[in-house]
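The lines below spell out each chain.
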Amino acid sequence: MNIDIKSAHGLIPAIIQDSETKNVLMLGYMNEESLQKTIETQKVTFFSRSKQRLWTKGEESGNFLELVDIKNDCDGDTLLIQAKPVGPTCHTGADTCWQEPNHENFGFISNLETIIKDRKENANADKSYVASLFEKGINKIAQKVGEEAVEVVIEAKDNDDDLFLNESADLLFHYLILLQAKGFQLKDVIGILKQRHK
């Protein structure tokens, strides 16, 4: 690992990222000694500028950051450390030092799940397609998933990529609705896949 700590006045920034959710948890500073201790103990250790000493995150609270991986940037003067947090990371008790929850986020899919949830909870006031499906009940929603799955299979056997992708989008969309109807989200399914992967 080519890290230029000396030219950075003995300290370099270390960005801490949750190895699973990929959320940024905090920013700390490391010197050569704290980096070496991090590697040896597998617990993220910083150089505290306020205490002027090495500081292992969690040494008092028990909320350690267990080391998973270390990468340095293209200039060799900033670290990206992936870790598994044991408890909240921030001293305030928050998951992150930006006071944000450390939940797994699937980008646009998570936004779509939020919209579907809102349409489900406000089905009486909302006259959207999604709200109408929730009003019709679980049987209709499950039926739609089945119909869309058949259409994906049909298009998979053809050569029209555009139709295949559109039908795939319809299937995923209706599957997300079915998950919400059953009280689940995509993260629950991904949790099962992760268990099977071990």
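In this text, all values refer to a predicted model and were calculated from it rather than measured experimentally. (Residues numbered from 1 in each chain as written. Predicted model: local features only at pLDDT ≥ 70, side-chain atom pairs only at ≥ 80, totals over all residues. Heavy atoms only, no water.)

**Some remarks on the sheet that holds strand β2 (residues 24–30)**
Next, step 1: Pairing within the open sheet is mixed, and its 4 strands lie in the order β2-β1-β6-β5. Edge positions in the open sheet fall to β2 and β5 (65–72), since each of these has one partner strand only. Averaged over all adjacent pairs, the angle separating strand axes in this sheet is 30 degrees, with direction ignored.
Next, step 2: The sheet contact formed by strand β1 (residues 12–18) and β2 spans 6 bridges and is antiparallel. Looking across to β2, one finds that Pro 13 is bridged to Tyr 29.
Next, step 3: Where helix α1 (residues 32–41) meets the sheet, its contacts fall on β2, β5 and β6 (79–85), and the angle it forms with β5 comes to roughly 125 degrees. (Pairing = 2+ DSSP bridges. Helix = DSSP H or I, 4+ residues; strand = E, 2+ residues; numbered from the N terminus. Axes fitted to C-alpha atoms, helices over the stretch in contact; angles between N-to-C directions. Contact = heavy atoms within 4.5 Å.)

**Notes on the environment of Val 152**
Next, step 1: When you line up the elements, Val 152 lands in helix α4 (residues 138–156).
Next, step 2: Residue Val 152 is classed as buried on the basis of its relative accessible area of 12%.
Next, step 3: Along the primary structure Val 152 and Asn 166 are separated by 14 residues, whereas in three dimensions their C-alpha atoms are 8.7 Å apart.
Next, step 4: Those residues in contact with Val 152 that sit more than four places away from it in its chain are Phe 164, Glu 167, Ser 168 and Leu 171. (Buried < 20%, exposed > 50% of the residue type's maximum accessible area, 1.4 Å probe, protein only.)

**Comments concerning the environment of Leu 176**
Next, step 1: Its location among the elements puts Leu 176 in helix α5 (residues 161–181).
Next, step 2: Note on Leu 176: relative accessible area 0%, which makes it buried.
Next, step 3: Along the primary structure Leu 176 and Leu 112 are separated by 64 residues, whereas in three dimensions their C-alpha atoms are 8.5 Å apart.
Next, step 4: Leu 176 has contacts with Ile 109, Leu 112, Glu 113, Ile 116 and Leu 186, leaving out every residue within four places of it along the chain.

**Re unusual backbone geometry**
Next, step 1: Unusually for a residue other than glycine, Lys 22 sits at a positive phi of about 70 degrees.
Next, step 2: In this fold, Lys 22 is placed in the loop between β1 and β2.
Next, step 3: The phi dihedral of Gln 99 is positive, around 60 degrees, even though this residue is not glycine.
Next, step 4: Positionally, Gln 99 belongs in the loop between β6 and α2 (108–121).

**Quick look at the packing of helix α3 (residues 129–136) against α5**
Next, step 1: At a closest axis distance of 11 Å, the pairing of α3 and α5 adopts a crossing angle of 45 degrees. Looking at the two axes, α3 sits oblique to α5. In terms of crossing hand, the pair formed by α3 and α5 is right-handed. On α5, the residues that touch Tyr 129, Val 130, Leu 133 and Phe 134 of α3 are Phe 173, His 174, Ile 177, Gln 180 and Ala 181.
Next, step 2: Tallied by class, residues from the contact of α3 with α5 come to 7 nonpolar, 2 polar and no charged. (Parallel < 35°, antiparallel > 145°, perpendicular 65-115°, else oblique. Left-handed = near helix turned anticlockwise from the far one by under 90°. Nonpolar A, V, L, I, M, F, W, Y, C, P; charged D, E, K, R; others polar.)

**Examining the packing of aromatic side chains**
Next, step 1: Summed over all chains, the structure comprises 1 aromatic pair.
Next, step 2: A cation over an aromatic ring shows up here: Lys 43 above the ring of Phe 64, its NZ or CZ 5.1 Å from the ring centre. (Phe/Tyr/Trp six-rings, centres within 6.5 Å; stacked < 30°, edge-to-face > 60°. Lys NZ or Arg CZ within 6 Å of the ring centre and 35° of its normal.)

**Things to note about the packing of α4 against α5**
Next, step 1: One way to put it is that α4 packs onto α5 with a least axis distance of 8 Å and a crossing angle of 155 degrees. By the angle between their directions, the pair α4 and α5 is classed as roughly antiparallel. With respect to the hand of their crossing, α4 and α5 are arranged in left-handed fashion. Together, Ile 138, Ile 141, Ala 142, Lys 144, Val 145, Glu 148, Ala 149, Glu 151, Val 152, Glu 155 and Ala 156 of α4 and Leu 163, Phe 164, Glu 167, Ser 168, Asp 170, Leu 171, His 174, Tyr 175, Ile 177, Leu 178 and Ala 181 of α5 make up the contact between the two elements.
Next, step 2: Within the contact of α4 with α5, the residues separate by chemical class into 14 nonpolar, 2 polar and 6 charged.

Nothing here speaks to function; it is all geometry.
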